[in-house]
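Survey of secondary and tertiary structure
The primary structure of each chain is shown beneath.
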There are 2 protein chains.
Amino acid sequence: MQKKGELVSYRPDIKVVDCTLRDGGLVNNFEFSEEFVRDLYKTNIKSGIDYMEFGYKASKEIFDVNKFGKWKFCDEEDIRSIVGDNDTDLKISVMADVGRTDFRKDIIDKKDSVIDLVRVATYINTIPAALEMVEYCNKKGYETTINIMAISKSNDSDLDDALELIGHSCVDTIYLVDSYGSLYPEQMRRLASKYLECADKYNKKIGIHAHNNQQLAFANTIETLTMGVSYLDSTVSSLGRGAGNCPTELLLGFLKNPKYDITPVLKFIENHINKLKADGVVWGYDIPYLLTGRLNQHPRDAIQFTADNRTDYSAFYQYLFDKDCG
Amino acid sequence: MQKKGELVSYRPDIKVVDCTLRDGGLVNNFEFSEEFVRDLYKTNIKSGIDYMEFGYKASKEIFDVNKFGKWKFCDEEDIRSIVGDNDTDLKISVMADVGRTDFRKDIIDKKDSVIDLVRVATYINTIPAALEMVEYCNKKGYETTINIMAISKSNDSDLDDALELIGHSCVDTIYLVDSYGSLYPEQMRRLASKYLECADKYNKKIGIHAHNNQQLAFANTIETLTMGVSYLDSTVSSLGRGAGNCPTELLLGFLKNPKYDITPVLKFIENHINKLKADGVVWGYDIPYLLTGRLNQHPRDAIQFTADNRTDYSAFYQYLFDKDCG
């Protein structure tokens with residue numbers, strides 16, 4: 001597959017999607033201060049970020065609103081309390097999980113909403129339900145994506161079938177997601193090539209959402225971007241579940257479009273991220289996440305190991321290994 | 001260039017070179033405890049590591065022996081106090097800097113030494129002096145490498161000339177070094193291709209020494225390895241100057257040769273690395289290193305910024321930027 005763009009120029013089709021609140025919310029139960037959210041919104045505008053994902057549109061039937069911060073639900077008025085009518089170039093995104101969103105109730109007409117993009121997260125065995133949501137949101141007037149999770153556990157022919165199915169839908173962008181941070185650059189390039197073939201055939205765009213279990217989130221993002229992937233997820237200082245995501249500050253350092261400015265992100269880190277760490281919020285690359293990533297496992301055991309302040313890495317590795325063989 | 005090997009098999013020509021003491025010594029002035037060094041030696045043997053670099057052969061005329069730990073000088077008896085006659089499969093390496101080594105005095109006949117490999121570190125403008133050292137060490141009976149530093153500041157034609165010159169020497173292995181952690185995978189692949197052409201022509205091997213300023217040390221190592229690079233530098237938990245190196249635990253997780261075992265490395269981390277951090281030794285990826293890496297600068301300003309416990313990243317970035325334009 002032909003390389004798209006080179007290092008000294010830029011591709012205007014590139015879009016950076018800030019997932020700090022959404023993936024970061026998985027670390028702190030979406031309990032962000034007003035100031036954090038407001039400053040992040042301003043930072044994203046100043047940095048030239050293209051989309052800001054505020055959180056999930058989670059079902060209030062399934063999840064108790066008293067047990068989570070408001071960004072798990074992203075009520076229209078809560079977003080508006082930050083962005084007003086969002087008279088800016090920054091677009092607003094929310095994520096909707098298949099089976100965990102009352103989309104017919106909670107996703108209103110686009111004309112009444114400041115939300116621009118609804119991203120539907122699905123496993124490969126719930127694609128038809130994801131497509132139902134996508135068709136619904138598309139009719140309501142939103143841009144849409146489908147993010148297929150856990151593909152490192154799927155086989156190639158299922159993935160081919162899934163992409164074919166999605167290709168026929170009205171979705172705008174299909175996301176290549178490395179849920180477990182288990183994929184090496186050469187595997188990501190192979191997958192990106194597959195996704196981009198589908199994109200060419202059906203006139204879609206391809207996005208990437210990487211995890212940093214093996215310190216490969218940034219590398220995998222820029223490697224697939226070079227092939228033509230154009231929607232790039234990142235979070236400030238990697239903030240996100242487990243090992244976190246592709247760091248925005250690394251990504252903006254790589255992108256050459258002069259509209260992107262790293263300085264506001266650096267200021268945000270100074271003002272908020274070090275405080276978040278001091279407050280005991282824990283995320284980012286560490287040995288336990290490397291081990292689940294390497295073994296292509298969900299990070300939940302590593303998150304627990306970290307929460308328990310354990311450091312018996314070799315025993316933990318043996319446990320994970322035995323579990324896989326059990 | 002043709003890909004060498006694939007993900008499910010392994011290449012027997014791959015050698016892992018542990019630089020924990022040598023690059024890590026730049027962080028703590030080579031003040032490692034006996035126990036640390038002894039356990040690292042045992043760990044390397046058990047993990048199937050191919051070479052262990054104990055430190056530098058630094059000149060005692062230039063450097064005061066009272067101001068550094070002994071691994072800056074690597075006296076024969078000090079290495080022997082750890083390895084005896086080293087009756088193992090693990091080979092012993094030392095690094096010798098051009099202009100900072102009394103090689104004619106301090107590098108003795110191989111038959112009287114437990115050292116197997118002398119690695120000569122040089123800038124591109126001191127290659128003739130490096131070659132003189134290589135010829136000397138080769139005649140004494142050692143394996144040799146030349147590690148060309150700071151190539152991200154060199155131009156292509158100088159580098160071509162340097163490789164041609166080195167190709168004609170008796171050196172065994174030429175190292176591709178990303179001194180400032182500034183190079184992206186596509187740049188590293190382009191450079192690796194150039195080095196590998198020289199290797200093919202003159203029957204040399206190519207090694208890689210990466211720095212982690214942009215979280216690319218591991219990615220750059222495995223990407224160039226896939227092209228045919230065979231000597232891979234790594235350090236336990238990235239221990240090394242500034243942002244550190246390619247982490248051994250990530251590298252061994254990638255390599256498929258059954259002789260490599262990650263478990264002893266995990267045990268070493270449990271027993272020593274967390275203690276080192278608790279003792280206040282600071283290294284590894286952080287914002288200041290990302291910024292010097294991104295700007296292709298020596299990490300010294302970032303090391304000072306970190307030592308000063310500063311967090312005004314945006315002002316620091318402006319300072320670095322202005323310096324470059326000054």
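Residues numbered from 1 in each chain as written. Chains lettered and ligands numbered in written order. Predicted model: local features only at pLDDT ≥ 70, side-chain atom pairs only at ≥ 80, totals over all residues. Heavy atoms only, no water.

**Quick notes on the overall build of chain A**
When you go through chain A residue by residue, the secondary structure sums to 13 helices and eight strands. Each of the three principal axes of chain A carries a C-alpha extent, and together these read 55 × 50 × 45 Å. Here chain A holds 326 residues, and the buried ones make up 62% of them. The contacts in chain A between residues at least 6 apart in sequence include a share of 75% that link residues at least 24 apart. Element-wise, carbon and sulfur atoms account for 47% of the exposed surface of chain A, whose accessible area totals about 12600 Å². (Helix = DSSP H or I, 4+ residues; strand = E, 2+ residues; numbered from the N terminus. Buried < 20%, exposed > 50% of the residue type's maximum accessible area, 1.4 Å probe, protein only. Contact = heavy atoms within 4.5 Å. Areas by Shrake-Rupley, 256 points an atom, 1.4 Å probe, with all protein chains shown as cover.)

**Some remarks on the interface of chain B and chain A**
Of the residues lining the interface, 40 residues belong to chain B; the matching set on chain A comes to 41 residues. Approximately 3500 Å² of surface area, both sides summed, lies buried where chain B meets chain A, with 61% of it carried by carbon and sulfur atoms. The interface formed by chain B and chain A contains four salt bridges. Where E223(B) meets R189(A), a salt bridge forms, and the shortest distance between an N and an O atom there is 2.9 Å. Joining chain B to chain A, the criterion identifies 14 residue pairs in polar contact (both at pLDDT 80 or more). (Buried area = accessible area lost by both parts, 1.4 Å probe. Salt bridge = Lys/Arg side-chain N within 4 Å of Asp/Glu carboxyl O. Polar contact = N/O pair within 3.5 Å; in protein donor to acceptor, adjacent residues only side chain to side chain.)

**Here we look at the nonpolar core**
Residues F54(A) and F54(B) are the most contacted members of the largest nonpolar core, which totals 211 residues. In contact with F54(A), not counting residues within four places along its chain, are L21(A), R22(A), V37(A), Y41(A), W71(A), C74(A), I79(A), I82(A), V83(A), I92(A) and S93(A). (Core = buried A, V, L, I, M, F, W, Y, C linked by side-chain atoms within 4.5 Å.)

**Quick notes on the sheet that holds strand β7 (residues 205–209) of chain B**
Residue and element names in this part refer to chain B. Read around the closed barrel, eight strands run β1-β2-β3-β4-β5-β6-β7-β8, paired in parallel fashion. Taken pair by pair, the neighbouring strands of this sheet meet at an average axis angle of 25°, ignoring direction. With four bridges connecting them, strand β5 (residues 143–148) and strand β6 (residues 173–177) associate as parallel partners. Considered in β6, the bridge of N147 is made with Y175. Each of β1 (15–18), β2 (51–56), β3 (91–97), β4 (117–122), β7 and β8 (231–234) is contacted by helix α1 (residues 20–28), which is oriented at about 35° to β2, the strand it contacts most. (Pairing = 2+ DSSP bridges. Axes fitted to C-alpha atoms, helices over the stretch in contact; angles between N-to-C directions.)

**A look at the relation of the copies chain B and chain A**
Least-squares fitting of chain B to chain A yields an RMSD of 0.0 Å, with the superposition described by an axial translation of 0.0 Å and a rotation of 180°. Those values place the two copies in the arrangement expected of a two-fold rotation axis. Looking at chain B, 100% of its interface residues are interface residues in chain A too, so the copies touch through the same face. (Least-squares fit on C-alpha atoms with pLDDT ≥ 70 in both.)

**Describing the sheet that holds strand β5 (residues 143–148) of chain A**
All names here are of chain A. Read around the closed barrel, the eight strands follow the order β1-β2-β3-β4-β5-β6-β7-β8; overall the barrel is parallel. For this sheet, the mean angle separating the axes of adjacent strands, direction not counted, is 25°. Relative to strand β4 (residues 117–122), strand β3 (residues 91–97) runs parallel, the two sharing five bridges. Across the sheet, M95 pairs through a bridge with R119, a residue of β4. Sheet contacts for helix α6 (residues 156–167): β5 and β6 (173–177); angle to β5, the most-contacted strand, approximately 170°.

**Some remarks on the confidence of the model for chain A**
Low pLDDT marks regions whose predicted coordinates should not be analysed in detail. Per-residue pLDDT for chain A averages 96, and the proportion of residues at 70 or more is 99%. This prediction of the complex comes with two scores: 0.97 for pTM and 0.96 for ipTM. (pLDDT = per-residue confidence, 0-100.)

**Things to note about the environment of D286(B)**
All names here are of chain B. Along the chain, D286 turns up in the loop between α10 (263–278) and α11 (287–294). D286 gets classed as partly exposed once you look at its relative accessible area, which sits at 31%. Residues D286 and N213, spaced 73 residues apart in sequence, show a C-alpha to C-alpha distance of 7.4 Å.

**Overview of the packing of helix α2 (residues 34–47) of chain B against α10(B)**
Residues and elements named next belong to chain B. Contact geometry for α2 and α10: axes closest at 9 Å, N-to-C directions at 160°. It follows from the interaxial angle that α2 and α10 lie roughly antiparallel. Taken as a pair, α2 and α10 cross one another with a handedness that is left-handed. Contacts between α2 and α10 pair E35, F36, D39, L40, T43, K46 and S47 from the former with P264, V265, F268, H272, I273 and L276 from the latter. Residues that form the contact of α2 with α10 fall into these classes: seven nonpolar, three polar and three charged. (Parallel < 35°, antiparallel > 145°, perpendicular 65-115°, else oblique. Left-handed = near helix turned anticlockwise from the far one by under 90°. Nonpolar A, V, L, I, M, F, W, Y, C, P; charged D, E, K, R; others polar.)

**Let's talk about the environment of S237(A)**
Residues and elements named next belong to chain A. If you trace the backbone, S237 turns up in the loop between β8 (231–234) and α9 (248–254). Taking C-alpha positions, S237 is 29 Å from A315, a pair spaced 78 residues apart along the chain. Setting aside its immediate chain neighbours within four residues, S237 contacts E249, I269, I273 and W283.

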